[in-house]
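Overview (structure and organization)
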Amino acid sequence: LMFKAITEWDLAMQSYAAATRANPNNGLAHYNMGVLFGQAGQQEEATRAYQTATSVQPGYAPAWYNLGVMHRDAGRAAQAEASYRAAVSAQPSHALASNGLATLLWAQGQTEEAEVVFREALVHHPEDATLLNNLGGMYAKM
């Protein structure tokens, strides 16, 4: 994690790769590789790293969330939804995952379920401006 602030992308990636070789079940190292790949615009590699992270550490909500973002950005709505749901299941208080799921459901016309997801997220984060804004936007367009 200490290399995240360093701009030497190759050194950071080498360190994370070494961590995964030392312990292939190190979900955090796979997740961190996904972050670096994503920052470098290498979406397919980022997706694979997040898939590995969720495989070896299925309860790690940030990896599921980022995998959902990768799928969403690639136009794979069903996979994005499944990833967001896994993130929320692993960590019900994960506001970003809840927002991602709710906005995806809303975009698919599933406004009733989107409202439920927004409201459940607001139980954990009652003053989250993004959740409140997106819920308001959904209501305004109903």
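For the structure, see preceding data.
A quick note: this is a predicted structure, and the numbers were derived from the prediction, not measured.

1. Things to note about the overall build of the protein
Looking only at helices and strands, one finds eight helices and zero strands in the protein. In the protein, the order of α-helices and β-strands from amino to carboxyl end is α-α-α-α-α-α-α-α. Considering only C-alpha atoms, the protein reaches an extent of 50 × 30 × 25 Å along its principal axes. Classification of the 142 residues of the protein by burial places 40% in the buried group. When contacts within the protein are restricted to residue pairs at least 6 apart in sequence, long-range pairs at least 24 apart make up 39% of them. In the form shown here, the protein has an accessible surface area of approximately 7,600 Å², with 54% of it arising from carbon and sulfur atoms. A distance of 4 Å separates the average location of the 8 positive side-chain charges in the protein from that of its 12 negative side-chain charges.

Rules of the game
Residues numbered from 1 in each chain as written. Predicted model: local features only at pLDDT ≥ 70, side-chain atom pairs only at ≥ 80, totals over all residues. Heavy atoms only, no water. Helix = DSSP H or I, 4+ residues; strand = E, 2+ residues; numbered from the N terminus. Buried < 20%, exposed > 50% of the residue type's maximum accessible area, 1.4 Å probe, protein only. Contact = heavy atoms within 4.5 Å. Areas by Shrake-Rupley, 256 points an atom, 1.4 Å probe, with all protein chains shown as cover. Lys, Arg positive; Asp, Glu negative; His and termini not counted. Charge placed at Lys NZ, Arg CZ, Asp CG, Glu CD.

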